[in-house]
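Residue-level structure breakdown
Each chain is listed here by its residues.
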Amino acid sequence: MIASDLETAVNRLRALIEAAGRIVPFTGAGISTECGIPDFRSPGGLWTKNQPIPFDAYLASRKMRNEAWRRRFVMDEHFAKAKPGRGHRALASLYRAGKVPAVVTQNIDNLHQDSGVAPQDVVELHGNTTYATCLDCAKRYELAEIRQTFEASAEQAPDCSCGGIIKTATVSFGQAMPVEAMRRAQDLATDCDLFLAIGSSLVVWPAASLPLLAKRNGAALVIVNREPTEFDEVADLVVRNDIGDALGPFISH
Ligand code: NAD
Ligand code: ZN
């Protein structure tokens, strides 16, 4: 059922959270918009201006890699400055209280880790854009050092010392989903009392499969999203309010 107003939403959410022993949050870009990172669908947002560079194009062409890095450093204006929002902080509070074993996210912005959830308890389905790795030897690179090389070499994407291609640690279109993260996300969805889908339009796989998996295995399902989703009908509670407003009351210090 759709909560009629914010107060009803918070009260119903509180009752579900109190009744649950094991809560699995699943987050999308909507939880980070108040932190200054535009979501995928915001009209005119940076993400809609450029067509994403598919993985095979990145591998095939140095020109594409240069372009990908140029865009990434433009986006750094948003990513580097972003601090966890009310949604992140509320989930971190539930995590500290022992109610949330891990957070599953489609986001790549590192804000759940920044809010105090241990890195090993953040299950990233689309990777992380705040650092880079070599696709051959897996060596980790910090963005600041890549940026320095990039800018000092007339915007040429640097290669790894092993000769391999360096890429942000994100999962691009056409790149395989991380098997281990997917398996953990499915296990978490299967084994929880309450599944909270927050700030995701739930249209892309596997986002679209996890809420149903949780529901089919007996969890209560809550969807917190400004816009309707395809799964609102099967949800136990639908909250169409702002995420920060809806989750803010669950922040504990
Ligand atoms: P999406 O853009 O498809 O959907 C975001 C949803 O959040 C929208 O339905 C929107 O209505 C809602 N929303 C936005 N701000 C809100 C607010 N303050 N309160 C309530 N609802 C709000 O996002 P998605 O489903 O996560 O898919 C986009 C993909 O792009 C992700 O998989 C991710 O990999 C990537 N991405 C990541 C980031 C990030 O890391 N912060 C940002 C943009 C895109
Ligand atoms: Zn390497």
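Calculation criteria
- Residues numbered from 1 in each chain as written.
- Chains lettered and ligands numbered in written order.
- Predicted model: local features only at pLDDT ≥ 70, side-chain atom pairs only at ≥ 80, totals over all residues.
- Heavy atoms only, no water.
- Salt bridge = Lys/Arg side-chain N within 4 Å of Asp/Glu carboxyl O.
- Helix = DSSP H or I, 4+ residues; strand = E, 2+ residues; numbered from the N terminus.
- Buried < 20%, exposed > 50% of the residue type's maximum accessible area, 1.4 Å probe, protein only.
- Core = buried A, V, L, I, M, F, W, Y, C linked by side-chain atoms within 4.5 Å.
- Contact = heavy atoms within 4.5 Å.
- Donors = N, O, S within 2.8 Å, 3.2 Å for Na, K, Ca; no water.
- Tetrahedral: all angles 85-135°; square planar, octahedral: opposite > 155°, others 65-115°.
- Pairing = 2+ DSSP bridges.
- Axes fitted to C-alpha atoms, helices over the stretch in contact; angles between N-to-C directions.
- Domains from an automatic or database assignment.
- Nonpolar A, V, L, I, M, F, W, Y, C, P; charged D, E, K, R; others polar.
- Phe/Tyr/Trp six-rings, centres within 6.5 Å; stacked < 30°, edge-to-face > 60°.
- Lys, Arg positive; Asp, Glu negative; His and termini not counted.
- Polar contact = N/O pair within 3.5 Å; in protein donor to acceptor, adjacent residues only side chain to side chain.

A complete count under the given rule lists 15 salt bridges for this structure. Note that D245 and R86 form a salt bridge whose closest N and O atoms lie 2.9 Å from each other. Taken together, the positions of D245 in helix α10 (residues 243–247) and R86 in helix α5 (residues 86–96) put the pair 159 residues apart, joining distant regions of the chain. A relative accessible area of 29% places R86 in the partly exposed class. Note that D187 is salt-bridged to R183, the shortest N-O span being 2.8 Å.

Moving on, we come to α5. Taken across its 11 residues, α5 has 8 buried, putting it largely inside the fold. Considered for burial, the residues of α5 that qualify are G87, H88, A90, L91, A92, S93, L94 and Y95.

In this structure, L13, L194, L196, I198 and V222 are the most contacted members of the largest nonpolar core, which totals 31 residues. For this core, the secondary-structure elements that each account for two or more residues are α1 (6–19), α5, β7 (194–198), β8 (220–224), β9 (237–239) and α10. Setting aside residues up to four positions removed in sequence, I198 forms contacts with F26, T27, G28, I31, L91, V224, I243 and L247. Residues F195, I223, F231 and V238 belong to the second largest nonpolar core, which totals 24 residues.

Another point: the side chain of S93. Note on placement: S93 falls in helix α5. The residues contacting S93, other than those within four sequence positions of it, are F250, I251 and S252.

C134 (SG), C137 (SG), C160 (SG) and C162 (SG) make up the full set of protein donors to the zinc ion (ligand 2), lying at 2.3 Å. Around the zinc ion (ligand 2), the 4 donor atoms are arranged such that angles at the metal cover 105 to 117 degrees; this shape is classified as tetrahedral. Counting along the primary sequence, the residues that act as donors to the zinc ion (ligand 2) give the motif C-x2-C-x22-C-x1-C. Within this pair, whereas C134 is found in strand β4 (residues 127–134), its partner C162 is found in the loop between α7 (143–152) and β6 (166–170), the two being separated by 28 residues in sequence.

Moving on to the sheet that holds β9. Judged by pairing direction, the sheet is parallel, and its 6 strands sit side by side in the order β3-β2-β1-β7-β8-β9 without closing on themselves. Every other strand in the sheet has two partners, leaving β3 (122–124) and β9 as the edge strands with one partner each. Neighbour to neighbour, the strand axes of the sheet diverge by 15 degrees on average, direction disregarded. This element, α1, spans β1 (23–27), β7, β8 and β9 of the sheet and lies at about 135 degrees to β9.

Bringing the sheet that holds strand β5 (residues 140–142) into the picture now. Reading across from one edge, β5-β4-β6 is the order of the 3 strands in this open sheet, with antiparallel pairing throughout. Two strands in the sheet have a free side with no partner beyond their single neighbour: β5 and β6. Taking each pair of neighbouring strands and ignoring which way they run, the sheet shows an average axis angle of 45 degrees. Pairing of β4 with β5, which is carried by 3 bridges, proceeds in the antiparallel orientation. Bridge assignment links A132 to a residue of β5, and that residue is Y141. Relative to β5, α7 is tilted by about 70 degrees, and along the sheet it contacts β4, β5 and β6.

Before going further, it helps to examine the domain arrangement of the protein chain. Here the protein chain is partitioned into domain 1 (1–37 + 83–126 + 177–253) and domain 2 (59–81 + 127–170). Here the C-alpha centre of domain 2 lies 30 Å away from the C-alpha centre of domain 1. Every contact between the two is made by 11 residues of domain 1 and, on the other side, 9 residues of domain 2. Scanning the region where domain 1 abuts domain 2 turns up 0 salt bridges. When its residues are assigned to classes, the side of domain 1 that touches domain 2 shows 3 nonpolar, 5 polar and 3 charged.

With that settled, consider the packing of aromatic side chains. When we look at a pair of aromatic rings, we describe it by the centre distance and by the angle of the planes. For the structure shown, the criterion picks out 3 aromatic pairs. Between the aromatic rings of F26 and F195, the centroid separation amounts to 6.0 Å while the plane-to-plane angle is 25 degrees, which identifies the pairing as stacked. With a gap of 169 residues between them, F26 in strand β1 and F195 in strand β7 connect regions that are remote in the sequence. No difference in accessibility class separates F26 from F195, as the two residues are buried.

Quick look at the side chain of D109 now. Mapped onto the secondary structure, D109 falls in the loop between β2 (103–105) and α6 (111–114). Nearest to the buried, unbridged D109 among oppositely charged side chains is R72, at 10 Å. At 2.6 Å, the side chain of D109 forms a polar contact with the side chain of S32. In this structure the side chain of D109 is engaged in a polar contact, spanning 3.0 Å, whose partner is the backbone nitrogen of L111.

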